[in-house]
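Below are the chains, spelled out letter by letter.
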Amino acid sequence: MSNLFSNGPGAIELLAPGAALLRGFAAPHDAELAAVVRSVSTAAPFRQMITPGGFTMSVAMTNCGAFGWVSDERGYRYSPTDPDTGRPWPALPTVIADLASRAAAASGFDGFTPDACLVNRYAPGARLTLHQDKDECDMSHPIVSISLGVPAVFLFGGLKRNERTLRLSLAHGDVVVWGGPARLRYHGVATLKADRHPFAGAERINLTLRRAR
Ligand code: MD3
Ligand code: FE
């Protein structure tokens, strides 16, 4: 238990240097999170983006905040507007920004103020292949991820694609903070299994908070 740096509710598990798991940290806010995911995805509907290689992603995505992550034939980038409508992304809901900032601070990253929230929706069979997050300007900022709904097997690799990966189940309400030496580690999500959870039926929703600019 040497990787746990407090006991009871609020325990933080150190997965690797710079990577902290806060089990259930977002669960007390799940009703409010369901409402904001609904309003964001009404204003900016989920869509399956195209990779620069021409493949349709199995994960459906939308964004909120000043910048949104987008992919198309021209590449990956952050955009202040939704390419489907030309309108700005919906504002970043305070409940999400505050949760991310508190989780980052509890993990040793004070003053994290995200300007981008990617909302990932996994239906059964969806997956995210191993990749690095490197489209952001300043890698000294951590990334905070909030898992909701059906649990998924998260793959956590090293700084090179060929390094062995750890497998970790991320369940409803789990929050992970990835910063410092973990910031550029390869990661992905295994194919989502058929399952049910009251939050969103058969789906898994992941909120990934970043500082894009
Ligand atoms: C580890 N999303 O959107 S979040 C992504 O569950 C993404 O939807 C996954 O990877 C999801 O880019 C995983 C967890 C995550 C995010 C960034 C990381 C883990 C990370 C950056 C470095 C190391
Ligand atoms: Fe990622």
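Use the structure listed above.
Read on for a plain summary of the structure.

The rules behind each value
- Residues numbered from 1 in each chain as written.
- Chains lettered and ligands numbered in written order.
- Predicted model: local features only at pLDDT ≥ 70, side-chain atom pairs only at ≥ 80, totals over all residues.
- Heavy atoms only, no water.
- Helix = DSSP H or I, 4+ residues; strand = E, 2+ residues; numbered from the N terminus.
- Rg over C-alpha atoms; globule rule 2.2 N^0.38 Å.
- Buried < 20%, exposed > 50% of the residue type's maximum accessible area, 1.4 Å probe, protein only.
- Contact = heavy atoms within 4.5 Å.
- Areas by Shrake-Rupley, 256 points an atom, 1.4 Å probe, with all protein chains shown as cover.
- Salt bridge = Lys/Arg side-chain N within 4 Å of Asp/Glu carboxyl O.
- Donors = N, O, S within 2.8 Å, 3.2 Å for Na, K, Ca; no water.

1. Topic: the overall build of the protein chain
Phase 1: Of the regular secondary structure elements, the protein chain holds two helices and 13 strands.
Phase 2: Against the compact-globule benchmark of 17 Å for 213 residues, the protein chain has a radius of gyration of 16 Å, which places it among compact chains.
Phase 3: Each principal axis of the C-alpha atoms in the protein chain carries an extent, and together these give about 50 × 40 × 35 Å.
Phase 4: Residues counted as buried form 50% of the 213 residues belonging to the protein chain.
Phase 5: For the protein chain, the share of sequence-separated contacts (at least 6 apart) that also reach a separation of at least 24 residues comes to 72%.
Phase 6: In the form shown here, the protein chain has an accessible surface area of approximately 10,100 Å², with 55% of it arising from carbon and sulfur atoms.

2. Brief notes about the pattern of salt bridges
Phase 1: Inspection of every chain in the model, using the stated rule, returns 10 salt bridges.
Phase 2: Its salt-bridge partner being Asp84, residue Arg47 comes within 3.5 Å of it at the nearest N-O pair. Here the residue Arg47 occupies a position in the loop between helix H1 (30-43) and strand E3 (60-64), and Asp84 occupies one in the loop between strand E5 (75-79) and helix H2 (94-106), the gap between them amounting to 37 residues.
Phase 3: For Arg47, a relative accessible area of 13% translates into the label buried.
Phase 4: Each of Asp133, Glu136, Arg183 and Arg210 takes part in a single network of salt bridges with overlapping partners.

3. A word on the coordination of the iron ion (ligand 2)
Phase 1: Donor atoms from the polypeptide that coordinate the iron ion (ligand 2) comprise His131 (NE2), Asp133 (OD) and His187 (NE2), at 2.0 to 2.2 Å from the metal.
Phase 2: Expressed as a motif, the donor residue spacing for the iron ion (ligand 2) is H-x1-D-x53-H.
Phase 3: For Asp133, a relative accessible area of 8% puts it in the buried group.

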